[in-house]
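Fold and geometry: a report
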Amino acid sequence: MRKTVSFLVVLILFLSCKEEAVEKPDRLIEKGKMVNIMYDLAILEGIKYQNPTSLVTYYINPSKYIYKKYKIDSLQFAQSNVYYASNYEDYKDVFDEIIKRIDDQKEVMDSLVKMENKRKMKLDSIKSKREVLKRGDTLLPLKKRRENLKLTKKILQKG
């Protein structure tokens, strides 16, 4: 991920110093599709650095995967990337959109993790109450144990 971002920054700096504009390639990838491609590349690079064995386990080569998914070739991608990088404002818009998408997905994932943690805590609480009831804890009156057992069954049926 860092290498990709560093490369793109160097490429932007290199192209921004250039006086003449880069010519529009014949097979330019449209801007929306380019955003999708670069977003997917960012996600795959993140996966690669977080869990390197995951891509190897499933025999996924990020570049080949992207080329096949979007039906493009490496030359087309490189030329389109250089073209968009030559215009700082357009390229900034592309990266802003990618960052926004990643932030949105992060919020979704954080909320899913919180929900899962709450569910696990609820199940752990129910399991511990069950164990107490199974042991026949003498500290709880029989009527209270029956109520707790009924409540546990209701929760499990809903959950």
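Here's what I pulled together on the structure shown here.

**Some details on the overall build of the protein**
- Of the regular secondary structure elements, the protein holds seven helices and zero strands.
- For the protein, buried positions account for 22% of its 159 residues.
- Intrachain contacts of the protein at a sequence separation of at least 6 include 76% that bridge at least 24 residues.
- Carbon and sulfur atoms make up 58% of the accessible area of the protein, which amounts to about 12,500 Å² in all.

**What about the packing of helix α2 (residues 31-50) against helix α4 (residues 62-70)?**
- Interhelical geometry of α2 versus α4 gives an angle of 150° and a closest axis separation of 10 Å. Here α2 is positioned roughly antiparallel relative to α4, judged by the angle of their axes. Note on packing geometry: the crossing formed by α2 with α4 is right-handed. Facing K33, N36, I37, D40, L41 and L44 of α2, the residues of α4 in contact are P62, Y65, I66, K69 and Y70.

**Side note on a positive patch on the surface**
- A surface patch of like charges, here positive, comprises K122, R146, K150, K153, K154 and K158.
- Looking at the positive patch, the element that brings in the most residues is helix α7 (residues 142-158), giving five residues.
- In this structure, K150 sits in helix α7.

**Quick word on the nonpolar core**
- In this structure, I37, M38 and F77 are the most contacted members of the largest nonpolar core, which totals 18 residues.
- For this core, the secondary structure elements donating two or more residues are α2, α4, α5 (74-85) and α6 (88-135).
- Of the residues forming this core, the biggest block, seven residues, is contributed by α2.
- Excluding residues that lie within four positions of it along the chain, F77 makes contacts with I29, M34, I37, M38, L41, Y67 and I72.

**Overview of the side chain of S54**
- In this structure, S54 sits in helix α3 (residues 52-57).
- Side-chain polar atoms of S54 contact the backbone oxygen of N51, separated by 2.7 Å.

**What to know about the pattern of salt bridges**
- Scanning the model with the defined rule gives nine salt bridges in all.
- With a closest N to O distance of 2.9 Å, D96 and K92 form a salt bridge. One end of the pair is D96 and the other is K92, both in helix α6 and four residues apart, which spans about a single turn.
- You can call K92 partly exposed: its relative accessible area is 36%.
- For E97, the salt bridge is made with R101, and the minimal N-O distance between the two is 3.5 Å. With E97 and R101 both in helix α6 and four residues apart, the pair spans about one turn of that helix.
- Using a relative accessible area of 31% as the deciding quantity, one classes E97 as partly exposed.
- Each of K31, D90 and D93 takes part in a single network of salt bridges with overlapping partners.

Rules of the game
- Residues numbered from 1 in each chain as written.
- Predicted model: local features only at pLDDT ≥ 70, side-chain atom pairs only at ≥ 80, totals over all residues.
- Heavy atoms only, no water.
- Helix = DSSP H or I, 4+ residues; strand = E, 2+ residues; numbered from the N terminus.
- Buried < 20%, exposed > 50% of the residue type's maximum accessible area, 1.4 Å probe, protein only.
- Contact = heavy atoms within 4.5 Å.
- Areas by Shrake-Rupley, 256 points an atom, 1.4 Å probe, with all protein chains shown as cover.
- Axes fitted to C-alpha atoms, helices over the stretch in contact; angles between N-to-C directions.
- Parallel < 35°, antiparallel > 145°, perpendicular 65-115°, else oblique.
- Left-handed = near helix turned anticlockwise from the far one by under 90°.
- Patch = residues over 30% accessible without salt bridge, like charges linked within 9 Å, V, L, I, M, F, W, Y side chains within 5 Å.
- Salt bridge = Lys/Arg side-chain N within 4 Å of Asp/Glu carboxyl O.
- Lys, Arg positive; Asp, Glu negative; His and termini not counted.
- Charge placed at Lys NZ, Arg CZ, Asp CG, Glu CD.
- Core = buried A, V, L, I, M, F, W, Y, C linked by side-chain atoms within 4.5 Å.
- Polar contact = N/O pair within 3.5 Å; in protein donor to acceptor, adjacent residues only side chain to side chain.

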